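Tertiary structure, described
What follows is the residue order along each chain.
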Amino acid sequence: MLREVSPLLRFDFTGLGHSGGEFANTGFRSNVDDIRAAARWMRDEGMPAQLAIGHSLGGAAVLASAPDLADLRAVVTIGAPADPVHVLKHFGETLDEIRSKGKAVVSLAGRDFEIGRSLVEDVEETRLVGRIGQLRAALFVLHAPRDETVGIDNAAAIFQAARHPKSFITLDDADHLLTREADAEYVAEVIVAWSARYLDLARQNAQLALASELRSSASQRARLVDLQALLELPASPRRIECFDISHTMGEATVASCVVFDENGPVRGQYRRFNIA
């Protein structure tokens, strides 16, 4: 997907995946705040976030934050609950331990997570239906009918709460975590195809490439000005030819020439000469 959608920022919530910290010390609201902070950073870097993708509880966090992200044009959820409180039903008796001790280990979709009291309190207080109705971006819901962690009825609730444009695709017999590579690749492909009509990535990529080229040209001109001052030249050099002579044990002598102008290397004018 990175080959098709660029620039792309992927991150895990605190304590998950490759992110540091303790997940038990986070809450649903802190996850929503992380998404907003990531979107602000991308905008400050000249890469406004047009597409937001969230999986499972991350999908719910994306839905909660999306109405506040002005640059957003499309939202994708994968196996997301219609309301975060849904996840508590999987905690079983551990829920009482979390309330009394502040944290406990819970097994979800075959993985163990240390859950803190703040997450439980956050999801109990959060209702997503109203936020989904405020969504201004296009919505794409992907969900597996046999998802045993987050039931398919959640996808129906999300879809019904959203305004058009919206789309829905079932993921056949995929599991909640998309552990099969073929399922993950299929999801990536359909997201790229669906989002293309809503995003302006071609223009954005062209703008980023142009900005990079302009920065490079400006840097090259600054170097030429510095060279003019160092060599006390009457004007900044407009063309520089550099020669290098090399040989092998005193034989097969070769001269190489590289050329630079005000915009940088002129590779089409590079030359190599055999010296007899």
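Below you will find a few notes about this structure. (Residues numbered from 1 in each chain as written. Predicted model: local features only at pLDDT ≥ 70, side-chain atom pairs only at ≥ 80, totals over all residues. Heavy atoms only, no water.)

**As for the packing of helix H1 (residues 28-44) against helix H4 (residues 117-125)**
Definition in use: What counts as an axis is a line fitted to C-alpha atoms, over the stretch in contact for a helix, and the angles between N-to-C directions run from 0 to 180 degrees. To qualify as a helix, a DSSP run of H or I must reach at least 4 residues; to qualify as a strand, a run of E must reach at least 2; elements of each kind are numbered from the N terminus. Oblique is the label for any angle not under 35 degrees, not over 145, and not in the 65 to 115 range, which are roughly parallel, roughly antiparallel and roughly perpendicular in turn. The contact criterion used is simple: two residues touch if any of their non-hydrogen atoms lie within 4.5 Å. Each residue is assigned to one of three groups, with Ala, Val, Leu, Ile, Met, Phe, Trp, Tyr, Cys and Pro labelled nonpolar, Asp, Glu, Lys and Arg labelled charged, and all others, Gly among them, labelled polar.
Packing of H1 against H4 leaves a shortest axis separation of 7 Å and a crossing angle of 80°. Judged by the angle between their axes, H1 and H4 are roughly perpendicular. Residue-level contacts link Phe28, Arg29 and Ser30 of H1 to Leu119, Asp122, Val123 and Glu125 of H4. Considering only residue class, the contact of H1 with H4 consists of three nonpolar, one polar and three charged.

**Structural notes on the packing of H1 against helix H2 (residues 57-65)**
In plain terms, the rule: Should the near helix be turned anticlockwise from the far one by less than a right angle, the crossing is left-handed, and should it be turned clockwise, the crossing is right-handed.
The geometry of H1 relative to H2 is characterised by a closest axis approach of 9 Å and an angle of 65° between their N-to-C directions. The hand of the H1/H2 crossing is right-handed. Across the interface between the two elements, Phe28, Asn31, Val32, Ile35 and Arg36 of H1 pack against Leu57, Gly58, Ala60, Ala61, Val62, Ala64 and Ser65 of H2. Partitioning the contact of H1 with H2 into residue classes produces eight nonpolar, three polar and one charged.

**Observations regarding the environment of Pro84**
Mapped onto the secondary structure, Pro84 falls in the loop between strand E2 (74-78) and helix H3 (94-101). Separated by 24 residues in the primary sequence, Pro84 and Ala60 have C-alpha atoms spaced 6.5 Å apart. Sequence-distant contacts of Pro84, defined by excluding residues within four places in its chain, comprise Phe28, Leu57, Ala60, Val123, Thr126 and Leu128.

**Points about the nonpolar core**
Put simply, the rule is: Each nonpolar core is a collection of buried residues, namely Ala, Val, Leu, Ile, Met, Phe, Trp, Tyr and Cys, held together in the definition by side-chain atoms within 4.5 Å. Between buried and exposed lies partly exposed: a residue is buried under 20% and exposed over 50% of the maximum accessible area for its type, with that area taken using a 1.4 Å probe on protein chains only.
The biggest cluster of nonpolar side chains holds 37 residues, and the ones touching the most others in it are Phe28, Val75, Phe91, Leu139 and Ile158. Put simply, the parts of the chain that give this core at least two residues each are H1, H2, H3, strand E3 (103-108), H4, strand E5 (138-143) and helix H6 (152-161). Among the elements that make up this core, the one with the highest residue count is H2 (six residues). Core analysis: the next-biggest nonpolar cluster, separate from the first, contains 17 residues, Val187, Val190, Tyr198 and Leu199 among them.

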